[in-house]
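A look at the structure
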Amino acid sequence: MFKSIQKSGRIAAVAIGLIAALSPLAAPPAALAGGSVPTPELEKSYSFKTSNENSFISTNGNTEFGYLYDCDDAYIVRNISLINFNDGSSSPIAIPDKSLDSAYRTHSDQLYWVDGNNLVVFSPDNQAQTVHPIASAKYAYSKVTVSDDGKRAAVEHYDNEGDPRKVEIYDLESDKLIQTYQSDKEDSWYSYSKDMSRLYTLPDNTEKGIVSLRVFNCDTGSTELKTVSVKNDDRSSDIEYINPSSKSEEIYLQSDTALIKADSDGNMSVLFNDDEHAPGWHSPSASTDYYFIYIKKGTNDLFEEDEDGYYRLNEKDANLGVYDCASDKIISSIAFPFIDGGLADASQDGSTLLGVSSNDDKFAACLVDTNTGAKNEFDPHKCRLSFLNGDRKIMTTYNDEDDPSTVHVNIYKSNIPHSLPEDVLYFVQTHLPFVIGGGVAIVLIIGGAIVILCIRKKRTRTANGMAAATPKPQRKQRRRQKRAQLNVAVPTAPGMPANPTEPARFCRHCGTPLVPEAQFCPTCGQKVD
């Protein structure tokens with residue numbers, strides 16, 4: 001019976017989640033601009049008073065939290081507050097003044113900073129601070145990086161000349177030093193895989209036409225140097241960024257004209273390296289894995305040489321493309337749609353771009369269709385933009401025109417369409433307490449009904465068993481009594497009245513009524529007088 005209750009409960013929980021998810025989907029879709037671009041709907045607006053117009057809000061868009069950095073005229077951080085985008089609440093975080101300049105946000109919206117020989121990690125969910133000791137030798141400058149999953153930390157040490165000396169890898173679950181990488185004098189700067197199982201650095205002494213990548217295995221302590229050939233010019237081999245993939249263990253290296261993909265062990269392959277394409281930047285959302293690239297349009301040169309001999313990307317006269325890192329293909333290419341503005345992000349399927357359009361000092365946040373170039377403006381401010389909850393929400397932040405120290409936050413429903421399974425999954429994820437509560441209620445109802453039915457069925461079987469076990473003589477006796485009662489009325493001949501004066505007779509042994517002519521009792525069999 002208990003297994004039946006469990007099975008019924010699971011079915012009910014799934015049914016409630018599906019019904020609740022499908023109910024909003026039955027509503028008419030939001031209006032589309034230009035036939036393809038969704039129209040965002042304003043849902044919430046908040047305002048926060050700060051010390052200076054240089055203050056800003058930072059978020060990765062993966063949670064409902066962000067951080068308000070209150071800065072002064074010199075862009076020095078004075079305090080940091082936790083912002084809840086669901087209700088607009090603001091909570092100051094207790095960070096020592098000396099540690100404010102070392103406070104950084106992780107990919108999962110945790111905040112961490114260095115306080116003496118301790119690394120402090122702040123969790124926005126419970127607003128708790130966890131202290132991890134990172135006692136090590138003192139250097140002129142040290143920098144700490146925490147992995148995306150929050151399980152490891154890397155402490156980089158530099159000397160007075162700014163040259164790297166060593167990197168220490170800590171396990172934050174055990175608070176133990178697990179590996180130490182002794183820096184090479186040719187190391188430029190460091191990057192890490194998402195789980196910090198690998199350290200990557202680019203040697204400065206690489207020849208033209210060669211890209212070198214040094215890989216340190218933070219699990220085993222081994223080091224390898226990997227190389228790949230590119231065009232023999234500075235714009236190809238001078239790597240500017242290393243970006244980890246959002247959905248895999250791969251990394252991407254980019255120069256002015258080359259985009260290179262490498263696996264976690266540093267084995268590299270060139271995706272493109274020519275004068276027709278230029279990498280822009282990797283999509284900042286954790287739910288997407290796209291690269292924004294610039295593509296030569298017509299006879300326009302993609303790069304222009306300035307008077308100092310430096311090449312500048314001519315992005316306004318180029319097409320803007322979306323490169324899908326999963327398929328290694330360019331999935332769209334349109335004329336740059338933001339005029340003098342810029343691109344911020346792309347939707348999960350790469351069909352919609354988010355950015356700020358600017359023309360003659362007029363600014364507006366907008367969505368752009370990557371296939372048609374159709375544009376829909378929805379927020380008339382010079383604002384910072386980011387997707388929230390994948391691409392289902394859009395957050396814009398901007399400073400008040402009359403009081404620049406006031407930061408405004410607008411939360412929009414993006415109305416970007418999704419498939420039914422995606423909508424169901426999103427509803428379950430965002431309404432998990434409701435789905436669980438509804439499932440528990442259905443379990444109790446169905447379980448109670450099953451228990452009642454089982455009890456009734458058991459009682460019925462018990463009653464039937466008792467009836468079947470009744471002795472046969474008792475049944476015979478009841479049948480005899482019934483026949484005797486039917487025989488109380490004395491039959492008379494037709495047309496002859498019954499004798500009303502003759503008294504009724506009863507058996508003196510058992511009390512059964514007798515007919516006048518009876519000599520023996522039909523029930524007990526005794527002779528009657």
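The coordinates are above.
Overview of the structure. All of these numbers come straight from a predicted model, not from anything done at the bench.

Some thoughts on the nonpolar core
Among the nonpolar cores identified, the biggest contains 17 residues, and Tyr294, Leu320, Phe338 and Leu353 are the most heavily contacted of them. Among the elements that take part in this core, strand S25 (residues 290-295) stands out by supplying three residues, more than any other. Leave out the neighbours within four places in its chain, and tyrosine 294 touches Glu276, His277, Ala278, Gly280, Trp281, Leu302, Leu313, Glu315, Ala318, Asn319, Leu320 and Phe336.

What to know about the sheet that holds strand S17 (residues 198-203)
Sheet strands pair by backbone hydrogen bonding; their relative direction is either parallel or antiparallel. Pairing is antiparallel across the open sheet formed by four strands, whose spatial order is S16-S17-S18-S19. Lying at the two open borders of the sheet, with one neighbouring strand each, are strand S16 (187-192) and strand S19 (223-229). Pairwise comparison of adjacent strand axes, ignoring direction, gives a mean angle of 25° for this sheet. Two strands pair when backbone bridges link them, and S17 and strand S18 (residues 210-217) are joined in this way by four bridges, in the antiparallel orientation. Looking across to S18, one finds that threonine 201 is bridged to arginine 214.

Side note on the sheet that holds strand S33 (residues 375-379)
Read from one edge of the open sheet, four strands run S30-S31-S32-S33, paired in antiparallel fashion. Looking along the sheet, the strands with just one partner apiece sit at the ends: strand S30 (342-346) and S33. Between one strand and the next, the sheet's axes are offset by a mean angle of 30°, whatever the strand orientation. In the sheet, strand S32 (residues 362-369) pairs with S33 via four bridges, with the strands oriented antiparallel. When the bridges of S33 are listed, alanine 365 appears paired with aspartate 379.

Notes on the pairing of strand S23 (residues 268-273)
Looking at chain direction, strand S22 (residues 258-262) and S23 are connected through five bridges and run antiparallel. Looking at S23, one finds that alanine 258 is bridged to asparagine 273. Between S22 and S23, which pair antiparallel one after the other, the connecting turn spans five residues, and glycine 266 there sits at a positive phi close to 90°.

Comments concerning the pairing of strand S28 (residues 319-324)
With six of six residues buried, S28 lies mostly within the body of the structure. Here S28 shows no split at all, with Asn319, Gly321 and Tyr323 on one side and Leu320, Val322 and Asp324 on the other all buried. Summarising the sheet, S25 and S28 pair through six bridges and their orientation is antiparallel. The residue bridging isoleucine 293 from the neighbouring strand is glycine 321, located in S28.

Observations regarding the environment of proline 244
Checked against the element boundaries, proline 244 lands in strand S20 (residues 241-244). Taking the C-alpha atoms as reference points, proline 244 and serine 191, separated by 53 residues in sequence, lie 8.7 Å from one another. The contact partners of proline 244, leaving out residues within four places of it in the chain, are Tyr192, Lys194, Glu250, Ile251 and His282.

Topic: the state of the cysteines
Under the criterion given, the structure shown has zero disulfides. Cysteine cysteine 366 remains unbridged, with the sulfur of cysteine 383 as its closest cysteine sulfur at 9.2 Å. No disulfide involves cysteine 507; its nearest neighbouring cysteine sulfur is the one of cysteine 521, lying 3.7 Å away.

Things to note about a negative patch on the surface
Residues Glu305, Asp306, Glu307 and Asp308 make up a contiguous surface patch of negative charge. Inspection of the secondary structure puts aspartate 306 in the loop between strand S26 (303-305) and strand S27 (311-313).

Overview of the environment of threonine 106
Its place among the elements puts threonine 106 in the loop between strand S8 (104-105) and strand S9 (111-115). A relative accessible area of 4% means that threonine 106 is categorised as buried. In this structure the side chain of threonine 106 is engaged in a polar contact, spanning 3.2 Å, whose partner is the side chain of serine 108.

Observations regarding unusual backbone geometry
Notably, glutamine 127 is not glycine yet its phi reads approximately 55°, a positive angle. Looking at the element boundaries, glutamine 127 is found in the loop between strand S10 (118-123) and strand S11 (128-133). Exposure remark for glutamine 127: the relative accessible area of 44% places this residue in the partly exposed category. A positive phi is found at aspartate 361, a non-glycine position, where the angle reads about 65°. Residue placement: aspartate 361 occurs in the loop between strand S31 (352-359) and S32.

Conventions used here
- Residues numbered from 1 in each chain as written.
- Predicted model: local features only at pLDDT ≥ 70, side-chain atom pairs only at ≥ 80, totals over all residues.
- Heavy atoms only, no water.
- Core = buried A, V, L, I, M, F, W, Y, C linked by side-chain atoms within 4.5 Å.
- Buried < 20%, exposed > 50% of the residue type's maximum accessible area, 1.4 Å probe, protein only.
- Helix = DSSP H or I, 4+ residues; strand = E, 2+ residues; numbered from the N terminus.
- Contact = heavy atoms within 4.5 Å.
- Pairing = 2+ DSSP bridges.
- Axes fitted to C-alpha atoms, helices over the stretch in contact; angles between N-to-C directions.
- Disulfide = S-S within 2.5 Å.
- Patch = residues over 30% accessible without salt bridge, like charges linked within 9 Å, V, L, I, M, F, W, Y side chains within 5 Å.
- Areas by Shrake-Rupley, 256 points an atom, 1.4 Å probe, with all protein chains shown as cover.
- Salt bridge = Lys/Arg side-chain N within 4 Å of Asp/Glu carboxyl O.
- Lys, Arg positive; Asp, Glu negative; His and termini not counted.
- Charge placed at Lys NZ, Arg CZ, Asp CG, Glu CD.
- Polar contact = N/O pair within 3.5 Å; in protein donor to acceptor, adjacent residues only side chain to side chain.

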